[in-house]
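Summary of the model geometry
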Amino acid sequence: MKNVIFAVWAMLCITSFSNAQSSDTDKGASDKLLLTIFLKHDQSMNLNEIEEVRKKQGFYKNFPPEGVSVVNWYVVMGIGQMVVLELPASKLKDVNLAIERSAWKAFRSEIYPTYDLYPIVEDKLNNTSKVSY
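Residues numbered from 1 in each chain as written. Predicted model: local features only at pLDDT ≥ 70, side-chain atom pairs only at ≥ 80, totals over all residues. Heavy atoms only, no water.

**Focus on the overall build of the protein**
What counts, and what does not: Strands are runs of DSSP state E lasting at least 2 residues, helices are runs of H or I lasting at least 4, and numbering of each runs from the N terminus. A contact between two residues is defined here by any heavy atoms of the two lying within 4.5 Å. In this description, accessible areas are obtained by the Shrake-Rupley approach with a 1.4 Å probe, and a residue is regarded as covered only by the protein chains that are shown.
In terms of helices and strands, the protein carries six helices and four strands. In the protein, the order of α-helices and β-strands from amino to carboxyl end is α-α-β-α-α-β-β-α-β-α. Long-range pairs, those at least 24 residues apart, make up 71% of the contacts in the protein with a sequence separation of at least 6. When the accessible area of the protein is evaluated, it comes to approximately 9500 Å², of which 56% is carbon and sulfur surface.

What follows is the structure, given as C-alpha cells:
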C-alpha cells in the first residue's frame, strides 16, 4: 500500500513540475491547490475515544482554517478519513498547523498536494458518458 501511495505521490510531483513550467496565463488558477489529507485512525482507541480527543483539542473549531474549503470528506474503511481541501497556496501553513494542533493524538496524518486533472483529459476520453463528474 505504501508503494502505491508513493507512486501516486511521485507521479503528482512530476506532473506538477511539468505544469509549473507552462505559460503564465494560468496565474490566477495556479494560486489555488487541492490538498488530500489522510487522517489515519489510531487503532488503539475506539471511535468514541477518537471523537473525545478531537473535541478536547478543538478540531472542529480549527479545521479547516479560515479561507480553506472542504471539497469532500470520506471515510476510507481500514484507514480512517480522507479529506480534500481547496486552498490558496498561502494557506498551506495554516492547514498544517491546524492538523498538528488539533488532529494529532487521534490520527496519524499524511498530506498530499493534488490538482484536478479531469478538465485536461475530459476531451481526450473516448466515452465521456461513463464519467459522472
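**Examining the packing of aromatic side chains**
Keep this limit in mind: We call Phe, Tyr and Trp rings a pair once their centres come within 6.5 Å, taking the six-membered ring for Trp, and we label the pair stacked below 30 degrees between planes, edge-to-face above 60, and tilted otherwise. Buried means the residue's accessible area, taken with a 1.4 Å probe over protein chains only, is under 20% of the maximum for its type, while exposed means over 50%, and partly exposed covers the values in between.
One pass over the full model with this rule turns up five aromatic pairs. With a centroid separation of 6.3 Å and an interplanar angle of 85°, the aromatic rings of F59 and W73 are classed as edge-to-face. Residue F59 is located in helix α4 (residues 59–62), and its partner W73 is located in strand β2 (residues 69–76); the two are separated by 14 residues in the primary sequence. In this structure W73 comes out as partly exposed when scored by relative accessible area, which is 34%.

**Observations concerning helix α3 (residues 47–56)**
Inclusion rule: What the arc covers is the set of directions going from the helix axis to the C-beta atoms. We call two N or O atoms a polar contact when they sit within 3.5 Å, provided that within protein one can donate a hydrogen and the other can accept it, with sequence-adjacent residues counted only if both atoms are side-chain atoms.
Of all the positions in α3, only I50, V53 and R54 are classed as buried. Buried residues of α3 fall within an arc of 100° about the axis and therefore sit on the same side. Pointing more than 90 degrees away from the buried face of α3 are the exposed residues N48, K55 and K56. Along its buried surface, α3 packs onto β1 (32–41), α4, β3 (80–88), α5 (92–102) and β4 (107–114). Regarding α3, its N-cap is N46, as a side-chain oxygen of that residue lies 3.0 Å from the backbone nitrogen of N48 further along.

**A short note on α5**
Among the residues making up α5, those that are buried are V95, A98, I99 and S102. Each buried residue of α5 sits inside an arc of 100° when the element is viewed along its axis, so together they form one side. Seen from the buried face of α5, the exposed residues on the opposite side, beyond 90 degrees, are K93 and R101.

**Some words on the confidence of the model for the protein**
Put simply, the rule is: Scored from 0 to 100, pLDDT reflects the predictor's confidence in each residue.
Of the residues in the protein, 72% have a pLDDT of 70 or more, and the chain-wide mean is 80. Of the regions scoring below 50 in pLDDT, residues 6–27 engages in seven contacts with residues more than four places distant in sequence or in other chains.

**Remarks on the pattern of salt bridges**
For clarity, the cut-off: Here, a salt bridge means any Lys or Arg side-chain nitrogen found within 4 Å of an Asp or Glu carboxyl oxygen.
With the rule as written, the count across this model stands at three salt bridges. Here K40 and E110 are joined by a salt bridge, their closest N and O atoms 2.8 Å apart. Separated by 70 residues along the polypeptide, K40 in strand β1 and E110 in strand β4 bring together distant segments of the chain.

**Observations concerning the environment of S69**
Note that S69 resides in strand β2. By relative accessible area, which is 39% here, S69 ends up partly exposed. Residues S69 and E86, spaced 17 residues apart in sequence, show a C-alpha to C-alpha distance of 5.2 Å.

**Regarding unusual backbone geometry**
Across the chain, the bulk of peptide bonds are trans and the bulk of non-glycine residues have phi less than zero. With omega at -10°, the peptide bond leading from F63 into P64 counts as cis. Position of P64 among the secondary structure elements: in the loop between α4 and β2. We note that K105 has phi near 90°; this positive angle belongs to a residue other than glycine. Note on placement: K105 falls in the loop between α5 and β4. Relative accessible area serves as the criterion here: at 63%, K105 is assigned to the exposed category.

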